[in-house]
Every structure is written in structure tokens, then in C-alpha cells.
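As a plain string of letters, each chain reads:
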Amino acid sequence: MTPTEAVDVVVKVMAPYIGDTMARSATEAHCQKLGITGSAVSTEQVDALLGKLGGGLNIFLGRDKSASVVAEARQALAAREASR
Amino acid sequence: MSDDRRFESAPWVVLGVAVATFVGWAAFPGTTLYTQVLTPHRLLALAAVLKLVYLLAGTAWAFACRDHLEPDNPARPAWFLLSLGLLANFAGQLCLAPFQVFRNETPFPSVADIFYVLAYPFLIASLLVLLKAYRESGFPIGSLLERTLILAGVGALAAVVAVPILTPVAATGGPLLDRILTVAYPVLDLVLLLPLALLLRIALKLRGSRAGEVWVLILSGIVFLCAGDIFFAYFQSLGETHLDPFVHATFVLAYGLVAGGAHRQLQLLRS
């Protein structure tokens, strides 16, 4: 999966909670910080990205809800990967 | 419309009707409705009760939000401080309510002002803690230059608005304590506006989401709180008491919006 595709999947899951604009800018900013820029995203990079986003979501949603949103994003990414 | 949806929207309808009633009072004070049915004394009592209800509900919901967040969550102290700020406002309103309900008067200054002034450090601290929490979350809060420009813009705008309004307020006669308090409220509001402006920028980025709804409600409530204080200072010092209904409408709306925002956040945390 490319970084752009991964960002789109994660943004779609997070948007109902923090909005499309914030979800996209947060995900892209974390991708940049984590060096997720190549042609494909590794499992480790996905874990690191979701970990960072989960930490940020805590502020708005609390730990439990944030964990369930991260799990949802992980499932969506896995489903996307499987459909390729 | 489903029963749940109706139940959800009922408090907003009540808030809208209440605000419209007070605005109507200011606009058409001589009509039969406002001279025979909704007399000034009844409306003052109604405003007192509504403010108490919204402030108590807001305090309880903000505290419940704090309770639903983990001890190490950086947003937890912000909700606690917000609940303390609302509680201080509730205590102030509780001091005024007996005078307003039973004697149709609002003493100023009074012991209530101690609580109203006390509310500001809590509210300001709440917004600052929230800003710090956002920054620590790694979510974008804008570049340093962008934030500096927002603060400078709000500061300049506040000065442009505040100076012509507060100059006649400060220049009016009357006891020193009256004048200090009348100027202090809007000045404290202007301090509150600085972190508020930065948070509003973040809230705009959250638009269309559940978290965005929470923050738009709370922050717009605080904007109306600032507006209410400025109206109060201006009308009080210039003796424009016939405009008091606008002050009541603004405060009822402010407290209602903040309470509504805290309730939405609690729903989000419980979902």
C-alpha cells in the first residue's frame, strides 16, 4: 500500500471524530515525522503511525474510545491491503 | 423525527426560546406580553433560574468528563478547571438569585462578584491547559508565526473595541469598587480571548466532527460570556438598564452553550 492510500484509509476512519481537515493534517504530519514517504508502507510504519495518532486522539476521545478507533483504522488498512 | 432525536433537541429548543424571549423583552418592552404576562420581575427570576440550571449542569458534565479521562490524560485537568470555573459562576449566580427572584433586583457590587472574578483564573487556565494538551498530542496547532499573528490580531482588535467602550465606563462617577469591577470583567474577558482565539482556530479544523461540535459549542459559549460582560459593563456604567435583557440573553446563551458542549463531550467519551 502506498502512503497516500494509507493516509486516505486512516482519514476516512478518523474523520467522524475529529473532522476530515484535522484527520488529514495530523496523519500527513505524523507520516512526515516518521519518514513514511516511500512507495510502500511497512507494518512497522503503520504501527508507529497508528500509535502516534492514538496518542493524539486520547485528548478528544479518552483512551478506550481512542483505542477502538485505532483498531478500526487497523482493520480498514488490513482490509484495503487484502483487497489489492 | 425519532424520540431520541426529539429528546436530544429539546434542550436546544428551550435555550432558543429563552434567548428569543429575552431579546423580545429588550425589543418590545411595552407590549402586553411583556407588561402583563412576562413582567420584568418574572423574566429576571426566569433568567436567574435558567443560569443556575445551565451552570450546575455544565459543572456536573465537565466534572464527569474529567472523571471519564485517564489520570495521565493531558486534557483531564482542563475539564476539571472548566468545571471549577463554571462552579464559581454558579456560586456567584446563587448569591444573586434570591435578590432577583424575590426582590426583583440585582445588587452590584455584591459578594457574587467575588465568585464571578474567581471564575476567570479557572477558565483561562482551562483553555491554556487545553492548548498545551493539543500541542503535546502531536496534532497540528499552527506554526509559531501563525499563532503569533493570531494573538497579535486578537490583541489589536480587542484594544480597538475595548478602549472606546471602557473609556466612558471608567470615566463615570460612582464608587471606586463599582468602577474597578465594571472595567475588570471586560479586561479579564480580553485575556480569556487570547487562548480562546488559538483554540477556535483548532476547533475550525475539527469542523464536521463530533469533537468539533464539542469545541464549537464550548468556545462560542465563552465568546458570548465575554460579550455579556462587555454589554454588562457598558450598560451598567451608562445607566442603560432597559438593555439589561440583552445581557440576560447573552449570559443564558453562553452558559447553555458551554453546558451543551460539556454534555456532547461526555456523550463522546461514553460512546
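Residues numbered from 1 in each chain as written. Chains lettered and ligands numbered in written order. Predicted model: local features only at pLDDT ≥ 70, side-chain atom pairs only at ≥ 80, totals over all residues.

Participant: Mind showing me how you'd approach the overall build of chain B here?
Facilitator: Counting secondary structure elements, chain B contains 9 helices and 0 strands. What you see in chain B, going N to C, is helices and strands ordered as α-α-α-α-α-α-α-α-α. For 271 residues, the compact-globule estimate of 2.2 N^0.38 gives 18 Å, and chain B sits close to it at 19 Å. When its C-alpha atoms are laid out on the principal axes, chain B stretches across 55 × 50 × 30 Å. Here the contacts in chain B between residues at least 6 apart in sequence split such that 76% fall between residues at least 24 apart. (Helix = DSSP H or I, 4+ residues; strand = E, 2+ residues; numbered from the N terminus. Rg over C-alpha atoms; globule rule 2.2 N^0.38 Å. Contact = placed C-beta atoms within 7 Å.)

Participant: When you look at unusual backbone geometry in this model, what are you seeing that I'm missing?
Facilitator: A negative phi holds for most residues other than glycine; trans holds for most peptide bonds. Residues and elements named next belong to chain B. A cis amide bond, omega -5°, links Phe108 with the succeeding residue Pro109. For Pro109, the location among the structural elements is in the loop between helix H4 (76–103) and helix H5 (112–137). Non-glycine residue Asn104 carries a positive phi angle of around 55°. Inspection of the secondary structure puts Asn104 in the loop between H4 and H5.

Participant: When you look at the confidence of the model for chain A in this model, what are you seeing that I'm missing?
Facilitator: Atom-level detail of predicted coordinates should not be read off regions where pLDDT is low. On average, residues of chain A score 90 in pLDDT, and 100% of them are at 70 or above. At the low end of the mean pLDDT range in chain A sits helix H2 (residues 20–34) of chain A, at 90; at the high end sits helix H1 (residues 3–18) of chain A, at 92. (pLDDT = per-residue confidence, 0-100.)

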